Amino acid sequence: MEDIRDILKQYWGYDAFRSLQEEIILSVLSGKDTLALMPTGGGKSITYQVAGLAKEGICVVITPLIALMKDQVEDLKRRQIQAEAVYTGMEREHVESVINKCIFSPVKFLYISPERLASERFRIKLKQMKVSLFAVDEAHCISQWGYDFRPSYLRIAEVRTFFPEAPVLALTATATPDVVEDIQKQLHFTCPNVLSKSFRRENISYVVRNVNDKLGELLHILSKLQASAIVYVRKRNTAEQLARFLSENGVKADFYHAGLIARQRTQRQEDWKNDITPVIVATNAFGMGIDKPDVRIVVHFDIPDCPEAYFQEAGRAGRDGKRAYAVLLCNPAAVTALKSRITKGFPEKKYIRQVYEALGNYFQIAEGSGAGYAFEFDTDAFVRDFGLDYVRTFSAIQILQVGGYLECTTDINSRSRINFTISREALAYFRPDDDLQNRIIELLMRRYPGIFTQYVWISEDYLAQEAGVKRKEIYETLIALAKRRIISYVPGNERPYIVYHQPRLPVSYLTIGKAAYEDRKKAYASKIKEMVRYIEDSSRCRQLVLMDYFGQKEKKGCGICDVCLETKKHTTSGDKTRIEDEIIAILMNKDTDLKILVHRLEEQFDRELVVATVRNLLDKGKIYYKTPLLLSVKKMNV
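Quantities reported herein were computed from a predicted structural model and do not represent experimental measurements.

> I'd like a description of the overall build of the chain, backed by residues and values.
When helices and strands are counted, the chain shows 26 helices and 22 strands. Relative to the globule expectation of 26 Å for 638 residues, the C-alpha radius of gyration of the chain, 29 Å, shows essentially globular dimensions. Along the first, second and third principal axes, the C-alpha set of the chain runs to 110 × 60 × 55 Å. Relative to its 638 residues, the chain shows a buried fraction of 53%.

Below is the structure:
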């Protein structure tokens, strides 16, 4: 086994690990299942990457974030580390090629989505790999008490049984004590083992602004700051409207949400990362797995459901360690709307049964059949055709997922397809516009037999890899060929699929258990309550409120949130007098080191005020330095 510091130096060029990283790696290398709690931007990926390189075999990284998969695989390959990924939209033949590489070649990292573990074909192939470590990113998704529960994560424990000697490293930036316990239980940890880093972010100023005119306040903030920013909203149309409003008022902005097709999302993400579009207005579909260090402000235009979501999204600000701001805009109407989400998030059981029945009718599934089948799901058409409420319907589907009846996933995609519209003979007379068109035509002819007689499934990513160009260039070339009537090109769509895990039941047999409904509703209501408390409590440091929620008890305020700054502003002369009296009393009793003196007083008073008072007393000659750091009092002045 290589020395982990040598690995860090060889591949990343660092001489030392950041706080907690080395402890996590050594825990995993000793064979222990490990849960690592590290704040957003804390360097989680280094822990499993170094551990994976130190162990013989392949590290399987399970993550729901396709952006993270692609970015990390590219980064590892640049560092001459063999890594592969299997994700939504890849052609079956490409998937097979990647998996075979992992079996027969010295690949060190395989990134997959948790949904991939449901495939029996994949499981069979996985058993042929020499797996040395499982890394589970966004591990809070495995807990139904977490804020982003995904039933597919529950399959990880099953797959672990194939490799009893391979430890698991679970990583998350957001987990309450209950979720921490549940993660270890659901992943079948051999024994509890949690390594935690403080969630304190010294450079982030948390601010809550109660304003009636949220639009005006947002414009004021972004116009004044003029830096890279993210604005989070709950709904897609709000993202579009806000981006338009900002652009019309002189702030360069664009929107991002899951309703955009893949190439649009990729392009907007790249424009934001490269500061072409400094402000992105987005739903929570944006930001996961994206590492942009210089985000100066994250604004929540709408209130998140829970502190976990807020903390993770706000944590995307200031990863470079410089001062950054996390601003939450609210007013009484917004708080009332937040409380109403409990009802929408957990519709009546009668409504859930109605949605279940409607899904079966929509897909025309007979009772007793459907298990194992996946159906493309046009959400807008479904809600419209059956006269349902959009938000409550998706909440009902989530509850049915937890109950194990079905699953809504985007891991199964309608892939792009192509058919030549002219004969092979006629193609010989075609004159391409450029060399890339010629190369793509040759690739299509060589790679896809039957393409002249029928539609064939293709992968733009595969063609880009083979041609040595970007995916966007492949897409534009195929569109150009289609316009010249050489091919018929149908780009893939990214509609979700409903996968049935059980046969369709008569609705009277559908059981919605306490764990799936009442217990989760109670937990959700508690999260809403904590979010309201965070907003309305103007007496306690914002950072301390968040840390307390995650089970980290600290007393020292951040000094830079709106509450701390307001407290400083209202410090009275009486407080200053009290500090002076305390300092004199301590020094009258015993000469004291400056650091010890400040430490004794900062639990009662603001540290900066204590230091300023010491300086003032020195200037007045009431106290003096007996040695370079030892303070004493001039008795005659007392």
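> Let's hear about the sheet that holds strand β6 (residues 168-172): which residues, and what values?
Taken together, seven strands build an open sheet; the order of strands is β3-β4-β2-β5-β6-β1-β7 and the sheet is parallel. The sheet is open, and its two borders are formed by β3 (83-86) and β7 (194-196), each paired with just one other strand. Going from strand to strand, the sheet's axes swing by 20° on average, the running direction of each strand aside. Strand direction decides the pairing type here: β3 and strand β4 (residues 109-112), joined by four bridges, are parallel. By the bridge assignment for β4, E84 is matched with L110. Most of the contacts of helix α5 (residues 92-104) go to β3, to which it runs at about 140°, and overall it touches β2 (58-62), β3 and β4. Relative to strand β1 (residues 34-37), helix α8 (residues 177-186) is tilted by about 150°, and along the sheet it contacts β1, β6 and β7.

> Describe the pattern of salt bridges, naming the residues involved and giving the relevant values.
The final tally for this structure, using the stated rule, is 36 salt bridges. Across the pair E22 and R5 runs a salt bridge, and its minimum N-O distance is 2.8 Å. One end of the pair, E22, is in helix α2 (residues 21-29); the other, R5, is in helix α1 (residues 4-12), with 17 residues separating them in the sequence. With a relative accessible area of 23%, E22 lands in the partly exposed category. Across the pair R268 and D254 runs a salt bridge, and its minimum N-O distance is 3.2 Å. Here R268 is found in helix α11 (residues 262-273), whereas its partner D254 is found in strand β10 (residues 253-256), with 14 residues between them in sequence. Looking at D254, the relative accessible area reads 21%, which means it is partly exposed.

> Describe the environment of I66, and please don't skip the residues or the numbers.
Structurally, the position occupied by I66 is in helix α4 (residues 66-78). Overall, the relative accessible area of 31% leaves I66 in the partly exposed class. For the pair I66 and Q184, spaced 118 residues apart in sequence, the C-alpha to C-alpha distance is 25 Å.

> Can you explain helix α9 (residues 214-225)? Please cite residues and give values.
Taking 1.5 Å of rise per residue, the 12 residues of α9 would be expected to cover 16 Å, and the 16 Å separating its terminal C-alpha atoms lies within 8% of that figure. Positive backbone phi, at 50°, marks Q226, one or two positions downstream of α9.

> Please set out the packing of helix α18 (residues 435-447) against helix α19 (residues 460-467) residue by residue, giving values where relevant.
A pair of packed helices is characterised by two quantities: the angle between their axes and the separation of those axes. Close contact between α18 and α19 brings their axes to 11 Å; oriented N to C, the two are set at 115°. Crossing handedness for the pair α18 and α19: right-handed. Along its contact with α18, which presents L436, R439, I440, L443, L444 and R447, the element α19 presents Y462, L463, E466 and A467.

> Talk me through the side chain of S228; I want residue IDs and the actual numbers.
Inspection of the secondary structure puts S228 in the loop between α9 and β9 (229-232). What makes S228 buried here is its relative accessible area of 6%. Residues within four places of S228 in sequence aside, it is in contact with W272, D275, P278, K292, D294, V295, R296 and I297.

> Which residues make up α18, and what values do they have?
Between its terminal C-alpha atoms α18 stretches 18 Å, which fits the 18 Å expected from 13 residues at 1.5 Å a residue. Buried within α18 are the following residues: L436, Q437, I440, I441, L443 and L444. Along the axis of α18, the buried positions cluster into a sector of 160°, meaning they face one direction only.

> Explain the sheet that holds β10 residue by residue, including any values.
Spatial ordering of the open sheet is given by β8-β13-β12-β9-β11-β10, a layout of six strands whose pairing is parallel. Either end of the sheet is taken by a strand with one partner, and the two such strands are β8 (204-210) and β10. In this sheet, adjacent strand axes meet at a mean angle of 20° when their direction is disregarded. Both β9 and strand β11 (residues 279-282) contribute to a ladder of four bridges, which runs parallel. Following the sheet pairing, A229 is matched in β11 by V279.

> Could you give an account of the environment of V28, with specific residues and numbers?
On the secondary structure map, V28 appears in helix α2. Separated by 139 residues in the primary sequence, V28 and P167 place their C-alpha atoms 6.6 Å from one another. V28 has contacts with T34, A51, L133, P167 and L169, leaving out every residue within four places of it along the chain.

> I'd love a proper account of the packing of aromatic side chains, names of residues and values included.
Aromatic ring pairs are defined here through the distance separating the ring centres and the angle between the ring planes. If you walk through the whole model with that rule in mind, you get 28 aromatic pairs. Ring centres 5.3 Å apart and planes at 65° place the aromatic pair F199 and F550 in the edge-to-face group. Linking F199 in the loop between β7 and β8 with F550 in the loop between α22 (542-549) and α23 (562-569), this pair joins segments that are 351 residues apart in sequence. On the accessibility criterion, F199 (1% relative accessible area) is buried. Ring geometry for F420 and F452: centres 4.5 Å apart, planes at 10°, overall stacked. Pair noted here: F420 is in strand β16 (residues 417-420) and F452 is in the loop between α18 and β17 (456-457), with a separation of 32 residues, a long-range link. Pair check on accessibility: F420 and F452 agree, each one buried. It is R268 that lies over the ring of F255; its NZ or CZ is 4.3 Å from the centre.

> Pulling in residues and values, what's your account of the nonpolar core?
Across soluble globular proteins, nonpolar side chains have a tendency to be buried as a group. Y111, Y206 and Y534 are the most contacted members of the largest nonpolar core, which has 131 residues in total. Look past the residues within four positions of Y534 in its chain and what remains in contact with it is Y206, V208, Y310, L328, R542, V545 and L546. Formed by 26 residues, the second largest nonpolar core is a distinct cluster that contains I440, I451, L463 and L481.

> Describe the side chain of R268, with residues and values.
The class of R268 is buried, set by a relative accessible area of 16%. There is a polar contact of 3.1 Å between the side chain of R268 and the backbone oxygen of F255. The contacts of R268, once residues within four sequence positions are left out, are D254, F255, Y256, L260 and I280.

> So, the pairing of strand β13 (residues 324-330): which residues are in play, and what are the values?
Each regular strand carries side chains that alternate between the two faces of the sheet. Of all seven residues in β13, six are buried; the element is thus mostly enclosed. Examined bridge by bridge, β8 and β13 share seven bridges and lie parallel to one another. Bridging from a neighbouring strand, I204 pairs with A324 of β13. Bridging between strand β12 (residues 297-300) and β13 involves four bridges; their strand directions are parallel. Bridge assignment links H300 to a residue of β13, and that residue is L328. You can see the chain leave β12, run along helix α12 (residues 307-314) and come back into β13, and the turn it takes is right-handed.

Definitions and limits used
- Residues numbered from 1 in each chain as written.
- Predicted model: local features only at pLDDT ≥ 70, side-chain atom pairs only at ≥ 80, totals over all residues.
- Heavy atoms only, no water.
- Helix = DSSP H or I, 4+ residues; strand = E, 2+ residues; numbered from the N terminus.
- Rg over C-alpha atoms; globule rule 2.2 N^0.38 Å.
- Buried < 20%, exposed > 50% of the residue type's maximum accessible area, 1.4 Å probe, protein only.
- Pairing = 2+ DSSP bridges.
- Axes fitted to C-alpha atoms, helices over the stretch in contact; angles between N-to-C directions.
- Contact = heavy atoms within 4.5 Å.
- Salt bridge = Lys/Arg side-chain N within 4 Å of Asp/Glu carboxyl O.
- Expected span 1.5 Å × (residues − 1).
- Left-handed = near helix turned anticlockwise from the far one by under 90°.
- Arc of directions from axis to C-beta.
- Phe/Tyr/Trp six-rings, centres within 6.5 Å; stacked < 30°, edge-to-face > 60°.
- Lys NZ or Arg CZ within 6 Å of the ring centre and 35° of its normal.
- Core = buried A, V, L, I, M, F, W, Y, C linked by side-chain atoms within 4.5 Å.
- Polar contact = N/O pair within 3.5 Å; in protein donor to acceptor, adjacent residues only side chain to side chain.
- Right-handed = clockwise from strand over helix to strand, strands pointing away.

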